[in-house]
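Results of the structural survey
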Amino acid sequence: DDPYMIKILDKSKEENAMDLWYTENHQEDVKFSIKVKEHLHSEKSEFQQLDFFTSDTFGKFFTLDGLMMVTEKDEFIYHDMITHVSMAVNPNIKRVLVIGGGDGGTAREVLRYPGVEKVDMVEIDERVVRLCQKFLPLTAEKLDNDERLTLYFEDGLKFVQDADSESYDLILVDSTDPIGPGEGLFTYEFYNNCKRVLSEDGILINQHESPYYSSYSHEMKRSHSKIKETFPIAKVYQFHMPTYPSGHWLFGFASKKYDPIADLKADEWNALGLKTKYYNTDIHVGAFMLPTYVKDELENV
Ligand code: SAM
């Protein structure tokens, strides 16, 4: 009776022995599964269904409404790419707003910069933060021990509506997909408020779905067309995310002033000496070079 688990008879074991698998539909007829060692926790919050698991290959991982959010094995890819691209374009960023990101991985990366003076993190669901603090200290470790960070448990859409103009240098939207609580974070209203709330040299990075399967590329095109109408500079960059549908995922980069390649401060960023496992200033340039079918789809929105 657990909607996200399937039990598969393992013929290699004794008769009737069952293997437990976490299974996610990536398309109607495509499924992705991870063999589960233990289903650590399951609960329904005011906003969504939360599940925590442990596995051999991906370590601990958690899902919201049956969709993969974070695994211990590949979180570094997502969190490096959501954070360091903007910081290498403007290493003077001081005031950061993180929207979503309840696992804490994005806040953890941005707090590695000594020049960052304040990080406000707005997560709609406090239970995500509390459970990640319990089960995923790898990503949540900085959520309660850095005085530059303030946590707000409210809707990010409402938060940017109420925020002062030009009060942040960087907004990182680490959201779920545009269904359920994340829906408002893919609207004109939200992007316009982000533009207003950002300083003249501010940068917006947002979760931009995947180009590969049509249900996701539809959302990619919808959000790109809205951001392109809102910001004078709107680009998309890619990275490899093994546990997300198709493994090919995107972030959007939008700014009133900076081009992500022409304004990359590679020497300045490298001089900071931050150790990163995925991001480097070569991959920064490469990530904006998109496959032809993705370029075509984005140009025609
Ligand atoms: N890396 C993940 C991915 O792309 O699958 C996203 C991880 S993070 C856990 C996403 C978070 O966004 C969730 O914890 C969810 O509660 C939060 N969220 C969704 N809608 C939100 C909203 N309107 N305001 C603030 N946070 C929101």
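The name given to the chain in an unreviewed UniProt entry is Polyamine aminopropyltransferase, with Andreesenia angusta as the source organism.

Quick notes on the site of the ligand
Near the ligand there are 25 residues, and of these Gly 100, Gly 102, Ile 124, Gly 156 and Pro 181 occur at the shortest range. Those elements that provide at least two residues to the shell around the ligand are strand 7 (67–71), strand 8 (95–100) and helix 5 (156–162). Among the residues making up the shell around the ligand, the classes are represented as eleven nonpolar, nine polar and five charged.

Here's the deal with the sheet that holds strand 7
On the basis of which strands lie adjacent, the open sheet formed by four strands has the order 4-5-6-7 and antiparallel pairing. Taken across any chain shown, the strands that pair with only one partner, and hence form the sheet edges, are strand 4 (38–44) and strand 7. Averaged over all neighbouring strand pairs, the angle between strand axes comes to 20°, with direction disregarded. Of the strands in this sheet, strand 4, strand 5 (49–55) and strand 6 (59–64) touch helix 3 (residues 126–135), which is tilted by about 15° from strand 5.

Observations concerning helix 1 (residues 75–89)
The periodicity of an α-helix, 3.6 residues per turn, causes residues three or four places apart in sequence to face the same way. The first and last C-alpha atoms of helix 1 sit 22 Å apart over 15 residues, in line with the 21 Å expected at 1.5 Å per residue. Helix geometry: helix 1 is bent most strongly at Met 81, by close to 30°. Counting buried residues along helix 1, 13 of its 15 residues qualify, which places the element largely inside the surrounding structure.

Description of the environment of Lys 37
Looking at the secondary structure, you find Lys 37 in the loop between strand 3 (30–35) and strand 4. Overall, Lys 37 belongs to the partly exposed group, with 13 C-beta atoms counted inside 10 Å. Sequence-wise, Lys 37 and Thr 54 are 17 residues apart; in three dimensions their C-alpha atoms are separated by 5.5 Å. Sequence-distant contacts of Lys 37, defined by excluding residues within four places in its chain, comprise Thr 54, Ser 55 and Asp 56.

Some details on the UniProt feature "active site" (unreviewed entry) in the chain
UniProt's entry tags Asp 174 with the feature "active site" (unreviewed entry), counted in the numbering of this structure. If you trace the backbone, Asp 174 turns up in strand 11 (residues 168–174). Each residue touching Asp 174, except ones within four places of it in the same chain, is listed here: Ile 82, Val 98, Ile 99, Gly 100, Gly 101, Thr 106 and Gln 207.

Observations regarding unusual backbone geometry
Residues other than glycine predominantly adopt negative phi, and peptide bonds predominantly adopt the trans conformation. Not every positive phi belongs to a glycine, and Asp 65 is a case in point at roughly 50°. Look at Glu 166: it is not a glycine, yet its phi comes out positive at around 50°. Assignment of secondary structure puts Glu 166 in the loop between helix 5 and strand 11.

Some thoughts on the packing of helix 6 (residues 188–197) against helix 7 (residues 214–230)
Packing of helix 6 against helix 7 brings their axes to within 10 Å, and their N-to-C directions diverge by 35°. In this structure, helix 6 crosses over helix 7, and the sense of that crossing is right-handed. Each of Tyr 188, Tyr 191, Asn 192 and Lys 195 in helix 6 lies in contact with helix 7, whose residues at this interface are Lys 226, Ile 227 and Thr 230. Along the lines of polarity and charge, the residues of the contact of helix 6 with helix 7 split into three nonpolar, two polar and two charged.

Details of the sheet that holds strand 9 (residues 118–122)
Taken in spatial order, the seven strands line up as 10-9-8-11-12-14-13 in an open sheet, and their pairing is mixed. On the outer flanks of this sheet lie strand 10 (149–152) and strand 13 (233–240), each paired with one strand and no other. Adjacent strand axes in the sheet meet at a mean angle of 15° when their direction is disregarded. Pairing of strand 11 with strand 12 (residues 198–207), which is carried by five bridges, proceeds in the parallel orientation. By the bridge assignment for strand 12, Leu 170 is matched with Ile 203.

About the thresholds
- Residues numbered from 1 in each chain as written.
- Predicted model: local features only at pLDDT ≥ 70, side-chain atom pairs only at ≥ 80, totals over all residues.
- Near = placed C-beta within 6 Å.
- Helix = DSSP H or I, 4+ residues; strand = E, 2+ residues; numbered from the N terminus.
- Nonpolar A, V, L, I, M, F, W, Y, C, P; charged D, E, K, R; others polar.
- Pairing = 2+ DSSP bridges.
- Axes fitted to C-alpha atoms, helices over the stretch in contact; angles between N-to-C directions.
- Contact = placed C-beta atoms within 7 Å.
- Expected span 1.5 Å × (residues − 1).
- Bend = angle between axes of the 7 residues up to and from the residue.
- Buried ≥ 20, exposed ≤ 12 C-beta atoms within 10 Å, placed from the backbone.
- UniProt positions renumbered as here; feature names shortened; annotations may be inferred.
- Left-handed = near helix turned anticlockwise from the far one by under 90°.

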